[in-house]
Amino acid sequence: MIKHIIILGSSYSTGKRIALDYCNNNLEYEKTIYELNKLKDKQFSIATHAILAQSEKWSDVIKTDSFFEGVKLVNDKDTFISLLSNDKEITALDIANYILTKLKCTHTRLEKLTYFCYADYLCKYNKKLFTDKIFAFKYGPVIESIYEKYKRSNCEIIEPPLETPLETPFNKDNQMSVKSRIMISLDGIKKINSIDETLEKYKNYNTNTLIALTHQNGTPWEINDQGQKSYKEISDADILKHHKYEVI
């Protein structure tokens, strides 16, 4: 029998659970754990499993325990760490996908709600919720990635992404749930709580009201030429200056 020491993690970018498998190699396993522990700021979510299988083959691990079925085996620790690191940052589309599971949205309403989620998080923690750029367009602040994905949806209600039960990180096809995607990111609990608070604040406002809120005097949109200049970026400083003391 061959002893396998397996480090298991979850990778949103691959849509899979991922694993490193050390066969009778405690030294390499300990080196990897040491390196992962040095990256505490990344808050990786990993688990270690020890299992006896008939051979060094991964297929025999799966035969021994079906728990590992569907797990993507990674060849080296650098790739493993890179895949986990990529999941620490979320995008505006991750936030938009979560919003769509909570509220019915047209493209314009989704843009505004995502913007307010960003503004509220920035004002609470002085940190970016996501790294996508925000621009001043005709109807208010617009996030580039969301605009590119939904600009042809016009005024139609956007269908939410396929969701899985929130208590399980993966569905039967190993796809991670929308909420879990945010939860595993850096400061994920803070992010989810902040997003939920923002959605609760604005959930009863229709699209026109949300547009009006972004078009008031002194708003980041208003001071950035009211969307008259093509792709005029709205800075964090502008957002903080207005929204930090805004009362809704």
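Please refer to the structure placed before this passage.
Residues numbered from 1 in each chain as written. Predicted model: local features only at pLDDT ≥ 70, side-chain atom pairs only at ≥ 80, totals over all residues. Heavy atoms only, no water.

(A) Quick peek at the nonpolar core. Among the nonpolar cores identified, the biggest contains 37 residues, and Ile95, Leu110 and Leu129 are the most heavily contacted of them. At the level of secondary structure, the elements contributing two or more residues to this core comprise helix H4 (92-102), helix H5 (107-125), strand E5 (134-137), helix H6 (144-150), helix H7 (178-183), helix H8 (188-202) and helix H9 (207-214). In this view, Leu110 contacts Ala96, Ile99, Leu100, Cys105, Ile146, Tyr150 and Ile158; residues no more than four positions away in its chain are not counted. If you look at the next biggest cluster of nonpolar residues, it comprises 13 residues, including Ile18, Phe44, Ile81 and Leu84. (Core = buried A, V, L, I, M, F, W, Y, C linked by side-chain atoms within 4.5 Å. Buried < 20%, exposed > 50% of the residue type's maximum accessible area, 1.4 Å probe, protein only. Helix = DSSP H or I, 4+ residues; strand = E, 2+ residues; numbered from the N terminus. Contact = heavy atoms within 4.5 Å.)

(B) Structural view of the environment of Ser55. Note on placement: Ser55 falls in the loop between strand E3 (46-53) and helix H2 (58-64). Given a relative accessible area of 18%, Ser55 falls into the buried group. Between the alpha carbons of Ser55 and Cys23 there is a distance of 9.2 Å; along the sequence they are 32 residues apart. A polar atom in the side chain of Ser55 sits 2.3 Å from the side chain of Asp60. (Polar contact = N/O pair within 3.5 Å; in protein donor to acceptor, adjacent residues only side chain to side chain.)

(C) Looking closely at the environment of Tyr121. On the secondary structure map, Tyr121 appears in helix H5. In this structure the C-alpha to C-alpha distance between Tyr121 and Leu240, which are 119 residues apart in sequence, comes to 10 Å. Look past the residues within four positions of Tyr121 in its chain and what remains in contact with it is Asn126, Lys127, Lys128, Leu129, Asp187, Lys190, Lys191 and Ser194.

(D) Spatial organisation of the pairing of strand E2 (residues 16-23). Judged by how many residues are buried, E2 sits mostly within the fold: six of eight residues are covered. Alignment of strand E1 (residues 2-11) against E2, held across eight bridges, turns out to be antiparallel. In the sheet register, Leu8 faces E2, and the bridge partner there is Ala19. Sheet topology places E2 next to strand E4 (residues 72-73); two bridges connect them, and they run parallel. Bridge pairing links Ile18 to Lys72 in E4. (Pairing = 2+ DSSP bridges.)

(E) Representation of the pattern of salt bridges in the model. As enumerated under the stated definition, the model contains 13 salt bridges in all. Lys31 is paired through a salt bridge with Glu28; the nearest N and O atoms lie 3.5 Å apart. Taken together, the residues Lys31 and Glu28, both in helix H1 (residues 26-38) and three residues apart, mark about one turn of the helix. For Lys31, a relative accessible area of 43% corresponds to the partly exposed category. The partly exposed category is assigned to Glu28, whose relative accessible area is 29%. The salt bridge partner of Lys229 is Asp225, with a shortest N-O separation of 3.8 Å. A cluster of three or more residues bridged by salt bridges with shared partners is formed by Asp225, Lys229 and Lys232. (Salt bridge = Lys/Arg side-chain N within 4 Å of Asp/Glu carboxyl O.)

(F) Region of the structure containing unusual backbone geometry. With a phi close to 70°, Asp225 is a non-glycine residue in the positive phi region. Mapped onto the elements of the fold, Asp225 is located in the loop between helix H10 (220-223) and strand E7 (232-233). Judged by its relative accessible area of 28%, Asp225 is partly exposed.

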